[in-house]
Amino acid sequence: MTESGSKLRIFKILKIIISSLLITVLLLFTIAAIRTLSLDVNAGLQLAHWEKTNNKSLVIDHHQREELLANFKEAIRIPTVSFSNTESNTTALLEFDRFLRKAFPTVFSSSLVHHELVGNYSHLFWVKGSQPELVPYMLLAHIDVVPASESDGWEAPPFSAKEIDGFIYGRGTIDDKNSLMGILQALEYLLLKGYAPRRGFYIGLGHDEEINGLNGAMNIVRVLKQRGVQLLFVMDEGLTISDGIIPGLEGPAALIGLSEKGQAAVKLSVSVAPGHASMPPRETSIGILATAVKRLEDNPMPRLFGYGPEGDTFEHLAHKFSFPLKFIMSNLWLFSPLLSRILERKPVSNAFVRTTTAVTFFNAGVKINVIPSLAEAYVNLRIHSAQSVEEVLDIIKDTVGDQRVKVELVDGFDPLPISGADEKAFGFQIIKKTVLDLFPTVTVAPGICIGNTDSRHFVDLTKNIYRFSPAWFKPGDPERFHGINERISTKNYEEMIVFYFNLIQNCDIRKLPEPHSSVHEL
Ligand SMILES: CCCCCCCC/C=C\CCCCCCCC(=O)N[C@@H](CC(C)C)C(=O)O
Ligand SMILES: [Zn+2]
Ligand SMILES: [Zn+2]
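Residues numbered from 1 in each chain as written. Chains lettered and ligands numbered in written order. Predicted model: local features only at pLDDT ≥ 70, side-chain atom pairs only at ≥ 80, totals over all residues. Heavy atoms only, no water.

What to know about the site of ligand 1
Neighbouring ligand 1 are 21 residues, the closest being Glu209, Asn212, Arg382, Asn452 and His482. In this structure, Glu209 approaches ligand 1 through a side-chain N or O atom, which is 3.2 Å from a nitrogen atom. In the environment of ligand 1, an oxygen atom lies 3.1 Å from a nitrogen or oxygen atom belonging to the side chain of His482. Looking at the shell around ligand 1, the elements with two or more residues in it are β9 (234–242) and α11 (347–353). Across the shell around ligand 1, the residue classes tally to 9 nonpolar, 7 polar and 5 charged. A domain split of the shell around ligand 1 shows at least three residues from each of domain 1 (62–258 + 418–506) and domain 2 (259–413). (Near = heavy atom within 4 Å. Polar contact = N/O pair within 3.5 Å; in protein donor to acceptor, adjacent residues only side chain to side chain. Helix = DSSP H or I, 4+ residues; strand = E, 2+ residues; numbered from the N terminus. Nonpolar A, V, L, I, M, F, W, Y, C, P; charged D, E, K, R; others polar. Domains from an automatic or database assignment.)

Notes on the coordination of the zinc ion (ligand 3)
Taken together, the protein ligands of the zinc ion (ligand 3) are Asp175 (OD), Glu210 (OE), Glu210 (OE) and His482 (NE2), with distances of 2.0 to 2.7 Å. With 4 donor atoms in place around the zinc ion (ligand 3) and angles of 52 to 149° between them, the coordination shape is irregular. Within one chain, the residues serving as donors to the zinc ion (ligand 3) are arranged as D-x34-E-x271-H. Here the zinc ion (ligand 3) and the zinc ion (ligand 2) are spaced 3.3 Å apart, with Asp175 acting as a shared donor. One end of the pair, Asp175, is in the loop between β7 (167–169) and α5 (177–192); the other, His482, is in the loop between β18 (465–473) and β19 (487–489), and 307 residues separate them in sequence. (Donors = N, O, S within 2.8 Å, 3.2 Å for Na, K, Ca; no water. Tetrahedral: all angles 85-135°; square planar, octahedral: opposite > 155°, others 65-115°.)

Quick word on α5
With 16 residues, α5 should reach 22 Å at 1.5 Å per residue; the first-to-last C-alpha distance of 22 Å fits that figure. Where burial is concerned, most of α5 is hidden: 15 out of the 16 residues are buried. Gly194, located one to two residues past α5, shows a positive phi value of around 80°. (Expected span 1.5 Å × (residues − 1). Buried < 20%, exposed > 50% of the residue type's maximum accessible area, 1.4 Å probe, protein only.)

Things to note about the UniProt feature "binding site: Zn(2+) 2" (unreviewed entry) in the chain
Sequence positions flagged by UniProt for "binding site: Zn(2+) 2" (unreviewed entry) are, in local numbering, His142, Asp175 and Asp236. Across 95 residues in sequence, these annotated residues keep their C-alpha atoms within 11.2 Å of one another, forming a single compact spot. Judged by relative accessible area, which is 3%, Asp175 ranks as buried. Contact partners of Asp175, with chain neighbours within four places excluded, come to His142, Asp144, Val145, Glu210, Glu237, Phe481, His482 and Glu486. Among the polar contacts made by the side chain of Asp175, one reaches the side chain of His482 at a distance of 2.9 Å. Of note, Asp236 is situated in strand β9. For Asp236, a relative accessible area of 3% translates into the label buried. A polar contact of 3.4 Å, which involves the side chain of Asp236, links it to the backbone nitrogen of Asp454. (UniProt positions renumbered as here; feature names shortened; annotations may be inferred. Contact = heavy atoms within 4.5 Å.)

Some remarks on the pattern of salt bridges
For the structure on display, the rule yields 22 salt bridges. A cluster of three or more residues bridged by salt bridges with shared partners is formed by Arg282, Glu283, Asp402 and Arg404. (Salt bridge = Lys/Arg side-chain N within 4 Å of Asp/Glu carboxyl O.)

As for the sheet that holds strand β6 (residues 163–164)
A sheet is described by the order of its strands in space; here 3 strands give the open sequence β6-β7-β19, paired in antiparallel fashion. The open sheet has two free edges, formed respectively by β6 and β19, since each of these has just one partner strand. Here β6 runs beside β7; their pairing, made up of 2 bridges, is antiparallel. Directly across from Ile164, in β7, lies its bridge partner Phe167. Sheet strands in contact with helix α14 (residues 490–506) are β6, β7 and β19, and its direction is about 75° off that of β19. (Pairing = 2+ DSSP bridges. Axes fitted to C-alpha atoms, helices over the stretch in contact; angles between N-to-C directions.)

Considerations on helix α3 (residues 90–103)
Its 14 residues place the ends of α3 20 Å apart at the C-alpha level, agreeing with the 20 Å of an ideal helix rising 1.5 Å per residue. Three or more residues of α3 are buried, namely Ala92, Leu93, Phe96, Asp97, Phe99, Leu100 and Ala103. Between the side-chain oxygen of the N-cap and the backbone nitrogen of Thr91 there are 3.3 Å, and the N-cap of α3 in question is Asn89.

Here it is, written out as structure tokens:
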């Protein structure tokens, strides 16, 4: 072949490669554009024909408002703190028991309600339904709170329930006495209005959620199992209504947690021979451990965005983003690597991208002039839905890459199963309807709860566990969770009561409307 002939051949091949590339890009772009315009996973059952249940409505008058706020503040003032795995404020838990009986006399005296104490301080209520063939559901909340100290910078003492500019400040105002009090206050009002449910339901109030729920939630589950109870769904604390928290999203979004991340507590330790500080070895146990910890912080776990329920969250919210984000969110199959990199920049959104690694304890040393024989660190990992405890442990060992560092799993559990969110998922659809009726501007989407809840102990009683409370979170609010200046607006607390008041009644329908019935009606 002549030189010009071979050049022509190369030119032809290049032309074919370039045009195939262009066609592929064009094709990908067309698919992406079609998905952007057509993806609507939100139509759901909202236009369908819902069974009527003659719901009672709740209009809160001035006197009731004063009373419900006084009740809520009193709940906040009782310091039901879980200090450590072995230490709770049992005096406060007993006081809380007395307080509940006083605040909700109708709940505690109604012939429809059976109440019992479980594990000494947790409460289990059974509200009898008139139609026993309807499978019961369960609402959960917890009594205990994490410690809080005013000196950390609170604007008001953490157990004062002080009202400032329409907000009640205090430990437990969003975690989780708002749900607890909201549920019981709603039931009190319903009973006072002569309501009797068709569908029976349980209310479980654990007293040790903040220290794993071993005596509260786990005993409630044991009691229910002994009685052969199966639940239609469980609803617990978890995600909330986010307003202005997800960058680029227009309007508020209610994320309902279909699952929760797994968790692992991993201990790293280094043992060496102790000695005199005047003749130190090149590396001490502290130095070796510090390097291991630094390696873990410098090498975060892999990005897994899109491999768990968080992908669904953004697909559901896609239509609420403006261009070009709408285009990106509608096409996670193409853009999830790019989106992961944006989300990982902030701690709250990073939690949705990967298994997170937090070094929470670091102990070593006994005296200034003694080379410490032992250095220990504890790492708290929150495991992404697409990983397991075992996989995470292997990655830690690889990343540390130092045989002198012992890596031990202290405790852990895999990510929780993913509950349904389709048109047949009773719990999800009821929560969604109740949110949309009360807050029509909110977009409801499935989500993943980044923290753990008592509801994880209920997996043998139901496949449908939802983590959601209708608390409104604005920028800066996620940090209040276990942080300083935890607060809720008085308006939002009232909305929570109305939400549970409506939710309980909405659960009385025998079954969900037929999927797509809206399409036939239109
Ligand atoms: C990109 C989307 C952003 C969406 C914003 C979501 C904001 C989330 C804010 C807070 C979520 C908090 C998680 C809720 C439940 C946590 C309860 C808790 O603290 N549990 C303990 C349990 C443990 C077993 C003792 C925990 O440490 O997880
Ligand atoms: Zn909580
Ligand atoms: Zn908490």
